[in-house]
Amino acid sequence: MVIINWRDFLTKLLPLLPTLLIYWASYHLSLEKNSKEKKRDEFDRLNAENTRLSEELDHYRRLLTAKEREIVKLQKENAEMRKYIAGVSTTSNPFKREEKEDKK
């Protein structure tokens, strides 16, 4: 039968205990550090994407504003052309005047 001498067991285990504790603590610290780095990388990536999307949004807003100005300008030109065409057709068309006079 094997007799275990607890003193011998403890004398061999106690020197390993601080090493195991240090290994366990460093392992958990490295896990925390990796998770913080992942969060930081994700934050940086999202921040860069947000900046890019904001710039694109500003670009498209400027394009939209320019197109709206162009639409307003074309609408004004269209209204002026209709006024001009309407004015020319009623005043310079002698045939329509004669038809109106004949109906009276």
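Residues numbered from 1 in each chain as written. Predicted model: local features only at pLDDT ≥ 70, side-chain atom pairs only at ≥ 80, totals over all residues. Heavy atoms only, no water.

A.B. asks: Mind showing me how you'd approach the overall build of the protein here?
C.D. replies: Helix and strand counts for the protein stand at three helices and zero strands. Mapped in sequence order, the helices and strands of the protein form the string α-α-α. Sorting the 104 residues of the protein into buried and exposed places 0% on the buried side. Summed over all atoms, the accessible surface of the protein reaches about 10600 Å², with 62% contributed by carbon and sulfur. (Helix = DSSP H or I, 4+ residues; strand = E, 2+ residues; numbered from the N terminus. Buried < 20%, exposed > 50% of the residue type's maximum accessible area, 1.4 Å probe, protein only. Areas by Shrake-Rupley, 256 points an atom, 1.4 Å probe, with all protein chains shown as cover.)

A.B. asks: Explain a nonpolar patch on the surface to me, please; I cannot follow it from the model alone.
C.D. replies: A contiguous nonpolar surface patch, about 1100 Å² in accessible area, is contributed by V2, I4, W6, F9, L10, L13, L14, L16, L17, L20 and L21. Of all elements in the fold, only α1 (6-13) and α2 (16-91) reach the threshold of two or more residues within the nonpolar patch. Tracing the backbone shows L13 in helix α1. For L13, a relative accessible area of 34% translates into the label partly exposed. (Patch = residues over 30% accessible without salt bridge, like charges linked within 9 Å, V, L, I, M, F, W, Y side chains within 5 Å. Salt bridge = Lys/Arg side-chain N within 4 Å of Asp/Glu carboxyl O.)

A.B. asks: What am I meant to see in the pattern of salt bridges here?
C.D. replies: As a working rule, side chains carrying opposite charge can pair if their charged atoms are close by. What the rule picks out here adds up to five salt bridges. Residue E49 is joined to R45 by a salt bridge in which the shortest nitrogen-to-oxygen separation is 3.4 Å. Of this pair, E49 and R45 both sit in helix α2, four residues apart, which is roughly one turn of the helix. Salt bridges sharing partners connect three or more residues here, namely E42, R45 and E49.

A.B. asks: Sorry if this is basic, but what is going on with the confidence of the model for the protein here?
C.D. replies: Reading fine detail from the predicted coordinates is not recommended where pLDDT is low. Mean pLDDT for the protein: 86, with 81% of residues reaching 70 or above. α2 holds the highest mean pLDDT among the elements of the protein, 92, whereas helix α3 (residues 94-103) holds the lowest, 53. (pLDDT = per-residue confidence, 0-100.)

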